[in-house]
Every structure is written in C-alpha cells, then in structure tokens.
2 protein chains.
Amino acid sequence: MNLTNAWNILKDNGYKETSKRNQILELFANDERYLTARDLLDVMQKDYPSMSYDTVYRNLATFVSLGILEETELSGERHFRMQCESDHHHHHFICMDCGKIKEIPVCPMDMVGAALPAYEIANHKFEIYGKCPECK
Amino acid sequence: MNLTNAWNILKDNGYKETSKRNQILELFANDERYLTARDLLDVMQKDYPSMSYDTVYRNLATFVSLGILEETELSGERHFRMQCESDHHHHHFICMDCGKIKEIPVCPMDMVGAALPAYEIANHKFEIYGKCPECK
DNA sequence: TTCTAATTAATAATGATTACGATTTACCTT
DNA sequence: AAGGTAAATCGTAATCATTATTAATTAGAA
Ligand SMILES: [Mn+2]
Ligand SMILES: [Mn+2]
Ligand SMILES: [Zn+2]
Ligand SMILES: [Zn+2]
C-alpha cells in the first residue's frame, strides 16, 4: 500500500484530507516495522507537539477498518503497519529486535480446512517470531 | 495436565501447597476453555471472598512459567488454560463463543523452516478462530 | 464567503495488569 | 508440639494502554 492508494480509499469513503492524516500515512509508508500508538505519537509530536492520543487512535482505527493498515498484538500491545502490497494471502516473520518483517508465502489453512468439518472458521493467525539476519 | 501432575511440578520447584492454589488448579482441570484473570477471580471469590488480584496474577504467572498452564492473547486480554496432555507439538482452533478449543495436529513450521535461512526463529503462533459445531 | 459535519485538542475515565507494605500461613527445625 | 522463617496472601494503590467526552478548530461543500 502506498500513499496515493491510501488516499484514494479515504476519499472514496468520504474522509477529509488533513495534514496529520497525511503525515501518519507517510510515516507508515516509509517504515516497514510494526509501530505502537505510542511510537506513532512520539514521532508525530515532533511536528505537531499538541497531537493527542485521541487523534492517533481514531485514525489508526479508521485506517485498519479501511484495510490501509494491518494490526497485530505483540507482547500485550497493539502494533500497526502498512498493509502489504502483495495481493495474495500470506503471513509474516517478525523480528523481535528491530521490528522488521519478512513475508512467508505459505498459509497453513490450506492444510487444515478439511480437519475441521462442521466448524465455522472466521479467521486465523500465523506469525513467526525471532531475529532477522541483521539483528542476529 | 492433571492435578497430580501439576502438584508434582510445583513441589519439585519448592512451591507450597495452599488451598487457593489447589482450587485454581482444580478449576482449570475441570474447564477446557480459555479463562481470563477476571474469570478466575470471579469463580474463586465464591469460596474465598477476599481473594485478591495479586494472588490470581501471581499464581497464573507461576503456573505458566512451570508449563502447567498455557497462555494466549484473545481480543486484547490474556487468557489461560491447562496445558494440553498431548506430548507432541500442535495448535488450536478456539471457539469465539464458548471458548472451547479443538486440537489441530499439524504445525506450519514443518513447511516454512527452510524458507527462512539465516533467520533465528524463537517461537511462533498459529491459531484458528471461529465457532464450534455446538455454537454454530 | 458561509455553513456544517468532520476532525482535533485537552483531559478525564476505564479496565487490565503490576507493585507494595502489612499480615498470615505452610512447613522445616528443634 | 512449639517456634522460626520464608513464602503466600491481602488490601490497596500505582501504572499503562486504550477509550470516552466536550469544546474548539478546520476541510470541503454550497
Ligand atoms: Mn506481507
Ligand atoms: Mn491442545
Ligand atoms: Zn493464512
Ligand atoms: Zn507449531
């Protein structure tokens, strides 16, 4: 997901263009790591010292609901990053040091769907945690 | 994991036998769902009205560290359940209505280990969420 | 330019989790 | 069996992430 694409989605859904929204999106577009609300606020407050948590959380929720950001829970905190460009479903390795991710092209659901007859599957989570080559 | 087994582990590690610990373990031994600290406290306070959060969280941490309980994060809250009996590594389907689980015998790591050369893999999470046949 | 709904700031409230000093208890030693 | 001690628990406060509230500001349409 890139900036232009994100703004198209926002405009299509009637959201207004604000400088803060734009800077949040730029920040995510230039950072492949997972960030917390606090991470985001800290960076944003360099340019907007009065930026509030409400603005951060509200926009994060908006972006996630529109599929612009993806979200995961790491050690008890919500983390966000730009939705992957890749159009086919996949999963992630996440470096616990630097936060960078690596795509895992396979999905285990291909092998287990049949093992759950009569079950209604809503979603699933598959993540691998460790250290990337740079951090090892 | 059963009561006797759990107590053996606790005794081996120098933990004392208390009625509250025993009741917590009994509760988990008779409930295959994932429970939160609050769930646990609510049930325990029927027999021990003065039971405190400190006792709940301290014992949960102890049990997890000794491998008596397993833990996962569901919708932003820590959930706990008795460690599985099964001795071979596996994963779970979790019913989002009743909280019951079903074992998934496969592990996706069998297929992705080779896709991450030079990466140091520490752990992984694979869970499937939905509704079990009874709740559907 | 004017109007209006969306957005934001400032701050308080909430809910889960952790921390801490005082008290009680399990269990080892005598 | 009585006493001593470290572990366990209680009662409560503190912390931290997240959500809610209200008033002020602003983007975009008319
Ligand atoms: Mn990806
Ligand atoms: Mn299991
Ligand atoms: Zn998948
Ligand atoms: Zn596995």
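Here, every reference points to the structure presented above.
Residues numbered from 1 in each chain as written. Chains lettered and ligands numbered in written order. Predicted model: local features only at pLDDT ≥ 70, side-chain atom pairs only at ≥ 80, totals over all residues. Heavy atoms only, no water.

## Regarding the coordination of the zinc ion (ligand 4)
Think of it this way: four donors in a tetrahedron around the metal ideally sit 109.5 degrees apart, and six in an octahedron ideally sit 90 or 180 degrees apart.
Residues and elements named next belong to chain B.
(1) Moving on: All of the protein donors around the zinc ion (ligand 4) are His89 (NE2), His91 (NE2), Cys107 (SG) and His124 (NE2); their distances to the metal are 1.9 to 2.3 Å.
(2) Moving on: Around the zinc ion (ligand 4), the four donor atoms are arranged such that angles at the metal cover 104 to 115°; this shape is classified as tetrahedral.
(3) Moving on: All donors of the zinc ion (ligand 4) belong to a single chain; written as a sequence motif, their spacing is H-x1-H-x15-C-x16-H. Taken together, the residues span a long stretch of sequence, with His89 in the loop between strand S2 (77–82) and strand S3 (91–95) and His124 in strand S5 (residues 120–131) at a distance of 35 residues. (Donors = N, O, S within 2.8 Å, 3.2 Å for Na, K, Ca; no water. Tetrahedral: all angles 85-135°; square planar, octahedral: opposite > 155°, others 65-115°. Helix = DSSP H or I, 4+ residues; strand = E, 2+ residues; numbered from the N terminus.)

## A look at the coordination of the manganese ion (ligand 1)
All names here are of chain A.
(1) Moving on: Surrounding the manganese ion (ligand 1) are the protein donor atoms Cys84 (SG), His90 (NE2), His92 (NE2) and Glu103 (OE), which sit 2.0 to 2.5 Å from the metal.
(2) Moving on: Mapped onto the polypeptide sequence, the residues donating to the manganese ion (ligand 1) form the spacing pattern C-x5-H-x1-H-x10-E. The same class applies to His90 and to His92, which are both buried. (Buried < 20%, exposed > 50% of the residue type's maximum accessible area, 1.4 Å probe, protein only.)

## With respect to the pattern of salt bridges
(1) Moving on: Applying the stated rule across the entire model yields twelve salt bridges over all chains.
(2) Moving on: The residue A:Glu127 makes a salt bridge to A:Lys125 at a minimum N-O spacing of 3.9 Å.
(3) Moving on: Owing to a relative accessible area of 7%, A:Glu127 belongs among the buried residues under this scheme.
(4) Moving on: For B:Asp31, the salt bridge is made with B:Arg33, and the minimal N-O distance between the two is 2.7 Å. (Salt bridge = Lys/Arg side-chain N within 4 Å of Asp/Glu carboxyl O.)

## Topic: the interface of chain B and chain A
A common measure of how large an interface is: the accessible area buried when the components associate.
(1) Moving on: Taken together, the contact pairs 29 residues of chain B with 29 residues of chain A.
(2) Moving on: Of the roughly 2700 Å² buried between chain B and chain A, counting both surfaces, carbon and sulfur atoms make up 70%.
(3) Moving on: Counting across the chain B and chain A interface gives zero salt bridges.
(4) Moving on: Taken together, chain B and chain A are joined by ten residue pairs in polar contact (both at pLDDT 80 or more).
(5) Moving on: Every element with two or more residues in the side of chain B that touches chain A is listed here: strand S4 (101–104), helix H5 (109–112) and S5 of chain B.
(6) Moving on: Partitioned by chemical class, the residues of the side of chain B that touches chain A number 18 nonpolar, four polar and seven charged. (Contact = heavy atoms within 4.5 Å. Buried area = accessible area lost by both parts, 1.4 Å probe. Polar contact = N/O pair within 3.5 Å; in protein donor to acceptor, adjacent residues only side chain to side chain. Nonpolar A, V, L, I, M, F, W, Y, C, P; charged D, E, K, R; others polar.)

## Here's the deal with the relation of the copies chain B and chain A
Between the two copies of this chain, the relationship is a rotation about some axis together with a displacement along it.
(1) Moving on: Of the two same-sequence chains, chain B is brought onto chain A (RMSD 0.0 Å, axial shift 0.0 Å) by a rotation of 180°. What the superposition gives is, in effect, a two-fold axis relating one chain to the other. It is B:Phe126 whose C-alpha, among those of chain B, lies nearest the rotation axis, at 2.2 Å. (Least-squares fit on C-alpha atoms with pLDDT ≥ 70 in both.)

## Observations regarding the protein's contact with DNA strand D
(1) Moving on: Around DNA strand D, a shell composed of 19 residues is seen, among which A:Glu17, A:Tyr57, B:Lys20, B:Thr55 and B:Arg58 lie nearest.
(2) Moving on: Protein-proximal atoms of DNA strand D, defined as those within 4 Å of the protein, fall in sugar or phosphate at a share of 72%.
(3) Moving on: Here a phosphate oxygen of DNA strand D sits 3.1 Å away from a polar atom, N or O, in the main chain of B:Ser50.
(4) Moving on: In the environment of DNA strand D, a phosphate oxygen lies 3.4 Å from a nitrogen or oxygen atom belonging to the backbone of B:Ser52.
(5) Moving on: Listed by contribution, the elements that provide at least two residues to the surface near DNA strand D are helix H4 (53–65) and strand S2 (77–82) of chain A together with helix H2 (19–29) and helix H4 (53–65) of chain B. (Near = heavy atom within 4 Å.)

## Some details on the protein's contact with DNA strand C
(1) Moving on: What surrounds DNA strand C is a group of 19 residues, the closest being A:Lys20, A:Arg21, A:Arg58, B:Asp54 and B:Tyr57.
(2) Moving on: In DNA strand C, atoms within 4 Å of the protein come from the sugar-phosphate backbone in 71% of cases.
(3) Moving on: A:Lys16 is positioned such that a nitrogen or oxygen atom in its backbone is 3.1 Å from a phosphate oxygen of DNA strand C.
(4) Moving on: With respect to DNA strand C, the backbone of B:Glu17 contributes an N or O atom lying 2.9 Å from a phosphate oxygen.
(5) Moving on: Contributing elements (two or more residues each) for the surface near DNA strand C: helix H2 (19–29) and H4 of chain A together with H4 and S2 of chain B.
(6) Moving on: Here the surface near DNA strand C is composed, by residue class, of three nonpolar, five polar and eleven charged.

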